[in-house]
Amino acid sequence: MTEDVRITAQKRIGRITLTRPSALHALNAPMCESILSALERWAGDPTVHLVMIEHEEGTRGFCAGGDIRMLAESGAGDAHEARAFFNVEYRMNAALEAFPKPVLAIMDGVTMGGGVGLSVHGSHRVATERTVFAMPETGIGLFPDVGGGWFLPRLSGALGTWLALTGARLKGADVAAARVATHFLPSELVPNLKKQIEGADFSVDAADLLNEILRGVSHAVPAGSFEAHREIINRCFAPDTAEAIIAALEADGSDWAGEQVAALSTKSPETVKVALRQLREGERLASFEDNMRMEYRIGWRKVQSADFLEGVRAVIVDKDNSPSWSPARLEDVTEADVARYFEPLGADELQFD
């Protein structure tokens, strides 16, 4: 157990409450271990019919990601601690995706990286006007993990590729319009939603009852603001090479396309190529667990990569926001450079019980 997350089971509801406000509830290994243990217990517990994931009331949230500084410090050494973190976090992601009962995540606030993995794999996901979603990992030389290889390519069109490579943010109702969230409601209604859930009897048809409660408080979701650029997104982010994506954006010539080129130019070239392959392979995989095995192979090696260590230095440690990527250009990242991240790990492969 850890004081950074509160685990309770009352009134037929398993409740996971993030209580690490000083770090915007970013996940660490003990938090993931506690959540995974609870999910494993509750999956077969006949007294638990619904799981709700939230952050502590009165604090900012929802969950800003994972312990990036720890990952980099570990990666600069033997990477044992970083790999152990990925191991438990990814098994937690898989337990959420496979959970046999409704899982409601209230994504009221910053929801990035590890926070996405804690929410997006559940059956019901509520966004509010305070929700800020992003997978910004290419900007620090990491990659969009925690199941990004699975859910991002399954968003409509090339939306997931755009989000993964550029690290673009979605806010408020746009999170639901993209189907990252399933419902949208004003944050002022969250207490009412929780009160209704606490007072409901989920022992029969829990999913149907939860749907009914959410229908009563949810607001209609307008077309996403990204729809104004949907044609460009679908056309320019469809190619299977980063160079072709850049070429398509440059050929488009619009201001918005130019902004995407500028954004991509700040990302780690190697990581952009790794992330693109991750999404293309993830789209073809037959199971979520296979996707997490692939991501574990990438993560195992990425935490010791020069670009990840440099990205954390530039963005998180020194905060000069001027990383020196190696290689510095997309065209200098070879297929072999990318392929090595996807090679099997043999006895070190991620195992599921």
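Please refer to the structure placed before this passage.
Everything numeric here is computed off the predicted structure, so don't read it as measured data.

**Notes on the overall build of the chain**
When helices and strands are tallied, the chain shows 16 helices and 10 strands. A compact globule built from 353 residues would reach a C-alpha radius of gyration of about 20 Å, and the chain, at 20 Å, matches this within 12%. Reported as C-alpha extents along the three principal axes, the dimensions of the chain are approximately 60 × 45 × 40 Å. Considering only intrachain contacts with a sequence separation of at least 6, the fraction spanning at least 24 residues in the chain is 75%.

**Here's the deal with the sheet that holds strand S1 (residues 5-10)**
In space, the six strands of this open sheet follow the order S1-S2-S3-S5-S7-S10, with mixed pairing throughout. Single-partner strands in this sheet number two, and they are S1 and strand S10 (183-184). With two bridges joining them, strand S7 (residues 124-127) and S10 adopt parallel strand pairing. Note that in S10 the partner of Ala127 across the bridge is Phe184. Sitting on the sheet, helix H1 (residues 29-43) is in contact with S1, strand S2 (13-18) and strand S3 (50-55), with an inclination near 15 degrees to S1.

**Looking at the packing of helix H2 (residues 68-75) against helix H15 (residues 306-317)**
Orientation of H2 relative to H15, taken along the N-to-C sense of each, is 140 degrees, at an axis distance of 10 Å. Accordingly, the angle class assigned to the pair H2 and H15 is oblique. For the crossing formed where H2 meets H15, the hand is left-handed. Counting all contacts with H2, which are made through Ile68, Arg69, Leu71, Ala72 and Gly75, the residues of H15 involved are Phe308, Leu309, Val312, Ile316 and Val317. Across the contact of H2 with H15, the residue classes tally to eight nonpolar, one polar and one charged.

**Topic: the pairing of S3**
For a regular strand, side chains alternate in direction, first toward one face of the sheet and then toward the other. Across the six residues that make up S3, a large majority, six, are buried. Side chains Leu50, Met52 and Glu54 project from S3 onto one buried face, and the interleaved Val51, Ile53 and His55 project onto a second face that is buried too. Bridge count for S2 against S3 is six bridges, and the pairing is parallel. Residue pairing for S3: Ile13 is matched across the bridge by Leu50. Regarding the hand of the β-α-β motif, the stretch spanning S2, H1 and S3 is right-handed.

**Points about the sheet that holds strand S6 (residues 110-112)**
If you walk across this open sheet you meet the four strands as S4-S6-S8-S9, and the pairing is mixed. Only two strands of the sheet have a single neighbouring strand rather than two, namely strand S4 (62-63) and strand S9 (170-171). As paired strands, S4 and S6 are joined by two bridges and run parallel to one another. By the bridge assignment, Cys63 is partnered in S6 with Thr111.

Calculation notes
- Residues numbered from 1 in each chain as written.
- Predicted model: local features only at pLDDT ≥ 70, side-chain atom pairs only at ≥ 80, totals over all residues.
- Heavy atoms only, no water.
- Helix = DSSP H or I, 4+ residues; strand = E, 2+ residues; numbered from the N terminus.
- Rg over C-alpha atoms; globule rule 2.2 N^0.38 Å.
- Contact = heavy atoms within 4.5 Å.
- Pairing = 2+ DSSP bridges.
- Axes fitted to C-alpha atoms, helices over the stretch in contact; angles between N-to-C directions.
- Parallel < 35°, antiparallel > 145°, perpendicular 65-115°, else oblique.
- Left-handed = near helix turned anticlockwise from the far one by under 90°.
- Nonpolar A, V, L, I, M, F, W, Y, C, P; charged D, E, K, R; others polar.
- Buried < 20%, exposed > 50% of the residue type's maximum accessible area, 1.4 Å probe, protein only.
- Right-handed = clockwise from strand over helix to strand, strands pointing away.

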